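# Structure at a glance
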Amino acid sequence: MTEAEAGTVSFGPFRLFPASRTLEKDGVRLVLGDRALDILMVLIEHAGSVVSHKTLIARVWRGLVVEQGNLRVHIAGLRKALGPAERYIANVPGQGYCFVAPIARETSAALPAPSAEFPDAIRKRLVLPPQLARMLGRDEIVRSIAADLIAERFVTVIGSGGIGKTTVAIAVAHAMREEFGESVCFVDLGAVVDARLVPDTIASSLGLAAQTADVLPTLLEYLRTLRILLVLDNCEHVIDIVATLAETIFRSAAGVHMLATSREAMRVEGEHVYWLPALASPSPQSSLKAADVRTFPAVELFMERAAASGGHIELNDDNAPVIAGICGRLEGIALAIELAAGRVGSHGLAATADLLNRNLGLDWHGRRTALPRHQTLRALLDWSYGLLSVDEQTSLRRLAALVGEFTLEAAAAVADVVAANALDVLDALVAKSLVAARAGQDGSVRYRLLETTRLHALEQLQASGEADGTSQRHARHFLMLLDSRHGGQIDLEYTGRAHSLREHLGNVRAALEWCFSRQPPAFDATLPVELAAAATPVFFELSLLSEAYKWSAAALAMLDERLRGSRRELLLMSTWAISSMWMRGNSDDVLGAIARGLELARPLNEPAQRLRMLATRHVFLIRVADFRGALSAAEQWNAEAQQSGDITCLAIADLMQGVAHHFRGDQATAKRYLEAGFVRAGARNLQLCGVDHRVRALITLARVHWLSGDPEQGISTARLAIDAAMRSGKPLDTCFALLFTAPVYLWCGYWEAAQEIIDQLNRHTHWHLLKPFHPVATAMQGALLIGRGQTQDGTHLLLEISQMLREERQNVVGSFLACWAADGLVAAGRAEEAAVIIRRARRDAVHAGEAVHLPELLRIEAEALLAMSQTHAPRAMRMLKRACRIAHRQSALSWELRSATSLARLQINLSMHAVAREQLAGTFSRFSAGFATLDLVTAREMLDSIAATSATIASADSTIGLRPRPDGSHAADTRVE
C-alpha cells in the first residue's frame, strides 16, 4: 500500500490495520495466514480493479517461484475467513481477482521532511565493519543493490546461510558512503537474543541515548529528521519485530533508506527482495580444463582461501577436476568453500576432497573472528534449524530423505502431510532459504534442499527415530510414481516415458538402496521386489545396464511365493535376461530366464513382454551362433506379428529374418527382407531389448552389400548404421554399431578407417561397462594388424583371444576370427596350424547352421594346403572351385572374387594363364564400383600381370614356334608352312 493509503481500511464488518498486519471483524481479531493477509492487502490496494494472477504472485511471494495452485489455495482460505465470496473477492476467469466491496480509508498525517544534514558528533560514531580486500563474483550485484536502494529505499537481501549476505551488505554500505555523506549505520542484530531489544539496539548504533523504557517513539521521531542508510544485518531470528519496525520506518521516515539481510523476506510494505545467488561454480562432475575452471568465482575464492591457509597449490589440468568437484559439491556457498579451503594447508587437496565426500565438513572450523554460528557449517545449520517451528523442523528433516529435486506430491508423501499443508510448509522453508524452488518448462515447480542443509537434516532425521518410517513412505511414493507412469511396461514403439522419469532416478536409487539394506519384518518384504520390478525396466531403457542387472538380480533372489508367477516376476526376469546378456555374456542362465519369461507372458496376457522375450532369444541365438534357432525365432516372431497386425512388429519381423538369412548364407533373401523391413518401419522407433533393430539391420545390410559385390555401398551403409546409433542416444547402440561395422572396413582393406572405428569404440564413455564386447574388439584389432602386415603380432593376439571368445560363447565372430587367424598363420609359414583352425571352424559352422563364411573358409583352407605342399594342388583347386560355386549360389560376389583370385594364382603357377584370366576376368567384370578396395585392386593387378605374361609368352611363341595348348600351356609348333 502507498503512504497515502497507510492507515485503517474498513469494509463491511471488517477493519484492516496494515501497519500492524491485523484484521478485525466486529472488533474481534481474525487469525489469517501471512500469504492470505498479503493477498488481501494487495487486492484492497487495487480495490475495484482486476489484479492478475502474475501480479499477485509477484507481490505476495516476492521473487519466489510458485505455481498458480499456491495462489488458489490461499484465495480459498481468505474467502472462507471473509464469508460469502461474491461479497468481497470476485474471480475474473482467465484474468485474476478483484476486491468488489466498498471500502473506507483513514489516512495518516503528512510526514515531516528529512534533514539533509546528519549531526557530525553522531556521524563520527558510525563505524562500518571492514570490507574484504577483494570480493569475488559480487561486483555487479553490489551495483544493482545500490541502485535499488536509491530508487526503492528498502531492500532485503535474502539467501541461505553462509552464502555471503553480510559480505555483500558491507560492500554495499561502503559503496554508498559518499551518496549518504558518510551517514551509513550498520546494525548487527545477530547477537540480539530478546527481540524486544531490536529498537534499543538500532537506537544505540545511531548514538541515540533514550531515557525512556519505550525507545521506539523517540527512535522514529529522530529518524524522520535524517537522510541515512540503515543496514540491518542478520534479521532472521527477530524477523517479526524487525518487519514491523522496518515498515513503520519506511512509512514515517522518508529520508531513511534501509538494507536488510535475512534468510527470509519480511513481506511488508515497501520491501524489495533481492535473492542472493550462490557463487558460480563448475559441476561436481566437471571435466573442464584448468583455464575454464579458473573463471568460476567459487574456484577463485577457494584458491585464495587455500593459499591464505598455507595450501600453496597451483591450478592445473590434473587437479582441476578435484577443485571443480569440491566447489561444485558445496554449490557455491561461500562459507562452505572457505571452510573447505582452510583444510588444504593441513590436509592437502586430495585428502580435503575425500573428507568432504564423507561429511561435507560440517564440523570444520573457520575464522576465529567470525560470528559463533559462522565458525562451522554445523553451527550455522543448527542456528537455522533452531529458528523453525516444530512443524517446519519435522518437515525439513523428513524432506531430507528426498534426493535432488522433488515435486510437491513427493514432499507431501514423504513428510506425511496433505498437499495443502505441504505447500504451506514448503512456502515457509523456501522463504527461509532452506529449500530452493525452480520453475520447470512445463510450468510446474521443483524443490531442492542444498546438499549441506540436506546432510544436516538427515542427521536430525536419524536422531528423531523417524528415519525408517520416512524412508518407507519415500520408497512407496516412488513405487507408485513408477507404476503410474509406465506400469513397468516399456512399449515396443518407444514413447519416451522412461525419459520422463529421469529426474526421479536419484530418489529411486536411494529407495532401492534403503529397501535392500533392511531385513524383514522391519517392513513389507514385497516392497523391495515391487520397487525393483517397476524401476529396472526404466534403468534399462535409459541405458543404465549395470543398475538394471544389479537390482533385477537382487529382487529375483528375494522373490517369494507371494510374487512368484506374477507380473512383477515377469518384468524382473525379462530385464535380468536382457541386461545380463549385454553385461555378462551368453550364459545358459540367460536362455533359462528367456524361457521363464515366455512361460509367464501368455497366462498373464502380456503380449508385449512375450514379443520382448522372443526378440531377446533371437539376439541371444545370433550371438551364440545358433543360426537355425535364430531363423526359427524370427519366424515365430513373424507369426505372432502377423496375428497382431502391428506395423512395428511386422517391420522387426522382416529385419530379424533378414539378419538370420544373412548368416545362413542367403544374401539375396537377406537383402530382400532387410529392405522390406526398412520400408515398413518408416520413421518408427525400433528400440527393443536394448538395441535399435534398425541399427542392427543396417549393420547386417552393410555386410550384405559388401558380400554382394558393392563394397562402397557397404561402407556407406556402415556409416549410416553408426550415425543412426549415435542419434539414438543409446550407448549400447553406438558401441554395437562401431564394433560390428568394423569387419566391413577390414574386408575393404580400409585400415586407417578401421583403426579409427576401434579407437572411437575404446574411447566411448560406456565401453568399460560392456565387457562381453571387449574380446570381440580385441579380435578386430588382431585382424587389423594382420591386414597391415604385422602378421606375427596380429596372429598372436587372435590366437590368445580365441579361447576367451569360446568360453564366453561369442560365437558369432568365430568364423570371422578363424579366417583372419588362419590367413595370418599361412603368411607366417605356419600352414599346418592354419589348416587345423579352419577345419574346426568349418565343423562348428556346419553345426551352427552358418554358411556366410563357408566360401572364405574353403579358400583359406586351400591356401593352407598349398602352403604345406604343392602336391595338394589338385585338392586345393577342387576346394577353390567349390568355394566359387558356393559363393555364387549365396550371391556373395566378393567371396567369389577372392576365391577366383586364389584359383587364378594357382592356375598361373600351373601355367594355365588363359584359363586363369578368363575366369577371374569374368568375375571381376560383374563389379560396377569399389575398385579402390583391396580385393578389387588385387584382382586388377593379377589380371594385368596375366596379360603382361601372356604378351611375353606370345612374343616368345612367335620367335621359337610355340603354340598354345587347349589347357593354356604351350608346345612346339611342328606344322609345315
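For every chain, the first residue of its written sequence is number 1, and the numbers climb from 1 along that sequence. In view of the model being predicted, local features appear only for residues whose pLDDT reaches at least 70, and side-chain atom pairs are presented and counted only at 80 or more, with totals across whole chains, interfaces and linings using the full set of residues. Hydrogens and water are ignored here; the side-chain numbers use all heavy atoms of the structure.

## Description of the overall build of the protein
Under the DSSP-based scheme used, a helix requires at least four consecutive residues in state H or I and a strand at least two consecutive residues in state E, with every element numbered from the N terminus. Along the protein, the regular secondary structure elements total 44 helices and 19 strands. Only heavy atoms enter the contact rule, under which two residues are in contact if any of them lie within 4.5 Å. Restricting the contact set of the protein to residue pairs at least 6 apart, pairs at least 24 apart contribute 68%. Only the protein chains shown count as cover for residues, with accessible areas throughout obtained via the Shrake-Rupley method and a probe of 1.4 Å. Counting only carbon and sulfur atoms, one obtains 53% of the accessible surface of the protein, whose full area is about 40200 Å².

## What to know about empty space enclosed by the protein
Grid points spaced at 1 Å and placed over the protein atoms alone form the basis of the search, with a cavity being a set where a 1.4 Å probe fits but cannot get out and a pocket an open set showing protein on both sides within 12 Å along at least five of seven lines. Lining residues have an atom within 4 Å of a point. Grid points are joined across faces, edges and corners, and a volume is the space filled by probe spheres set on the points. Evaluation of the coordinates by the stated rule reveals 10 cavities of 30 Å³ or more. Empty space within the largest cavity amounts to approximately 240 Å³. Forming the walls of the largest cavity are 17 residues, and the residues nearest its centre are I622, F663, F736, F740 and V812. Contributions of two or more residues to the lining of the largest cavity are made by α28 (607-623), α30 (647-664), α32 (693-707) and α34 (731-748). The greatest single-element share of the lining of the largest cavity, amounting to 4 residues, is contributed by α32. Side-chain classes follow a simple rule in which Ala, Val, Leu, Ile, Met, Phe, Trp, Tyr, Cys and Pro form the nonpolar group, Asp, Glu, Lys and Arg form the charged group, and the remainder, Gly included, forms the polar group. Residue classes in the lining of the largest cavity are distributed as 12 nonpolar, 2 polar and 3 charged.

## Section: the packing of aromatic side chains
In this description, an aromatic ring pair is defined by two values, namely the gap between the centres and the angle between the planes. Planes of paired rings set the category: under 30 degrees apart is stacked, over 60 is edge-to-face and the rest tilted, where pairs are Phe, Tyr or Trp rings (Trp by its six-membered ring) whose centres lie within 6.5 Å. Applying the stated criterion across every chain, the model contains 23 aromatic pairs. Each member of the aromatic cluster is reached from another via a ring pair, and the members are W706, W747, W751, F816, W820 and W895. Note on geometry: a ring has a charge over it if NZ (lysine) or CZ (arginine) is within 6 Å of the ring centre and within 35 degrees of the ring normal. Lying across the ring of F180, R227 places its NZ or CZ 4.5 Å from the centre.

## What about helix α39 (residues 831-848)?
Its 18 residues give α39 an end-to-end C-alpha distance of 25 Å, which sits within 8% of 26 Å, the value for a rise of 1.5 Å per residue. Residue exposure (1.4 Å probe, protein chains only): buried if accessible area is under 20% of the type maximum, exposed if over 50%, otherwise partly exposed. All of the buried residues along α39 are A831, A834, A835, I837, I838, A841, A845 and A848. Projection of α39 onto a plane perpendicular to its axis shows the buried side chains occupying an angular sector of 165 degrees, all on one side. Opposite the buried face of α39, at more than 90 degrees from it, the exposed residues are R843, V846 and H847. Tucked into the core, α39 has its buried residues touching α29 (627-644), α37 (791-807), α38 (814-827) and α40 (854-868). Backbone geometry just after α39 places G849 at a positive phi near 80 degrees. Helix span is expected to be 1.5 Å times the residue number reduced by one. Here, the arc refers to the directions that run from the helix axis to the C-beta atoms.

## Quick look at the side chain of D38
Looking at the secondary structure, you find D38 in helix α1 (residues 34-45). Excluding residues that lie within four positions of it along the chain, D38 makes contacts with R21, V60 and R267.

## Some remarks on the confidence of the model for the protein
The pLDDT score gives, residue by residue, the confidence of the prediction method on a 0 to 100 scale. Scored by pLDDT, the protein comes out at a mean of 84, with 87% of its residues at no less than 70. Note on residues 108-117: pLDDT is under 50 here. Beyond four places in sequence and across chains, it has 19 contacts. Overall, residues 365-375 carries pLDDT values under 50, and its contacts beyond four positions in sequence, including any with other chains, amount to 25 contacts.

## Things to note about the sheet that holds strand β1 (residues 8-11)
Spatial strand order, β4-β3-β2-β1-β8: 5 strands in an open sheet with antiparallel pairing. Two strands in the sheet have a free side with no partner beyond their single neighbour: β4 (28-30) and β8 (104-106). The average undirected angle you get between the axes of adjacent strands in this sheet is 25 degrees. A pair of strands is labelled paired if DSSP reports no fewer than 2 bridges between them. Bridge count for β1 against β8 is 3 bridges, and the pairing is antiparallel. Within β8, the residue paired with T8 across the bridge is E106. The axes used here are C-alpha line fits, helices contributing only the stretch in contact, and every angle between their N-to-C directions lies in the interval 0 to 180 degrees.

## Focus on helix α23 (residues 505-517)
Residues that lie three or four places apart on an α-helix share one face, since the helix turns once every 3.6 residues. With 13 residues, α23 extends 18 Å between its outermost C-alpha atoms, agreeing within 8% with the 18 Å of an ideal straight helix rising 1.5 Å per residue. All buried positions along α23 are accounted for by L505, N507, V508, A511, L512, W514, C515 and F516.

## Some points on the pattern of salt bridges
Whenever Lys or Arg places a side-chain nitrogen within 4 Å of a carboxyl oxygen from Asp or Glu, that contact is recorded as a salt bridge. Applying the stated criterion across every chain yields a total of 42 salt bridges. The partner of E45 in a salt bridge is R59, and the shortest N-O contact between them spans 2.9 Å. Here the residue E45 occupies a position in helix α1, and R59 occupies one in helix α2 (residues 53-61), the gap between them amounting to 14 residues. Judged by relative accessible area, R59 falls into the partly exposed class, the value being 29%.

## Considering the packing of α23 against helix α25 (residues 545-558)
Running from N to C, α23 and α25 cross one another at 30 degrees; their axes reach a closest spacing of 12 Å. One element, α23, and the other, α25, form an angle in the roughly parallel class. When you trace α23 past α25, the crossing you get is left-handed. Between α23 and α25, the residues in contact are R509, L512, E513 and F516 and E547, K550, W551, A554, A555 and M558, respectively. Across the contact of α23 with α25, the residue classes tally to 6 nonpolar, no polar and 4 charged. Oblique is the label for any angle not under 35 degrees, not over 145, and not in the 65 to 115 range, which are roughly parallel, roughly antiparallel and roughly perpendicular in turn. If you view the pair so one helix is near and one far, a crossing is left-handed when the near helix is turned anticlockwise from the far one by less than a right angle, and right-handed when it is turned clockwise.

## As for the sheet that holds strand β12 (residues 256-262)
With parallel pairing, 5 strands are arranged side by side in an open sheet as β10-β11-β12-β9-β13. The strands lining the two open edges of the sheet, one partner per strand, are β10 (184-188) and β13 (272-275). When strand polarity is set aside, the average angle formed by the axes of neighbouring strands in this sheet is 15 degrees. Examined bridge by bridge, strand β11 (residues 228-233) and β12 share 5 bridges and lie parallel to one another. Each bridged residue has a counterpart across the sheet, and for L229 the counterpart in β12 is H257. Lying on the sheet, helix α8 (residues 198-205) is in contact with β10 and β11; it crosses β10 at an angle near 140 degrees.

## Some thoughts on the pairing of strand β15 (residues 445-449)
Regular strands place side chains that alternate from one sheet face to the opposite one. Summarising burial for β15: 4 of the 5 residues are buried, a large majority. Judged from the 5 bridges that link them, strand β14 (residues 435-439) and β15 form a sheet pairing that is antiparallel. Directly across from V435, in β15, lies its bridge partner L449.

## Focus: the nonpolar core
Here, the term nonpolar core denotes a set of buried Ala, Val, Leu, Ile, Met, Phe, Trp, Tyr and Cys residues that are joined through side-chain atoms within 4.5 Å. Ranked by internal contacts, the top residues of the largest apolar core, which has 158 residues, are W582 and W637. In terms of residue count, α34 provides more of this core than any other element does, 13 residues in total. Look past the residues within four positions of W582 in its chain and what remains in contact with it is F540, L545, V619, R623, C689, G690, V691, L732, F736, L770, P772 and F773. Counting residues in hydrophobic clusters, the runner-up holds 35 residues, among them C185, I202, L208 and A243.

## A closer look at the environment of V679
With respect to the helices, strands and loops of the structure, V679 is situated in helix α31 (residues 667-681). Once the C-alpha coordinates of V679 and A651 are considered, the two residues, 28 residues apart in sequence, prove to be 8.0 Å apart.

## Let's talk about the environment of A818
In this structure, A818 sits in helix α38. Separated by 42 residues in sequence, A818 and I860 have C-alpha atoms that sit 9.6 Å apart.

## Regarding the packing of α38 against α40
At their nearest, the axes of α38 and α40 sit 10 Å apart, and the two run at 20 degrees to each other. Here α40 runs roughly parallel to α38, going by the angle between their axes. Read as a crossing pair, α38 and α40 show a hand that is left-handed. Residues S815, C819, A822, D823 and V826 of α38 form the contact with α40, whose participating residues are E856, L857, R859, I860, E863, A864 and A867. Considering only residue class, the contact of α38 with α40 consists of 7 nonpolar, 1 polar and 4 charged.

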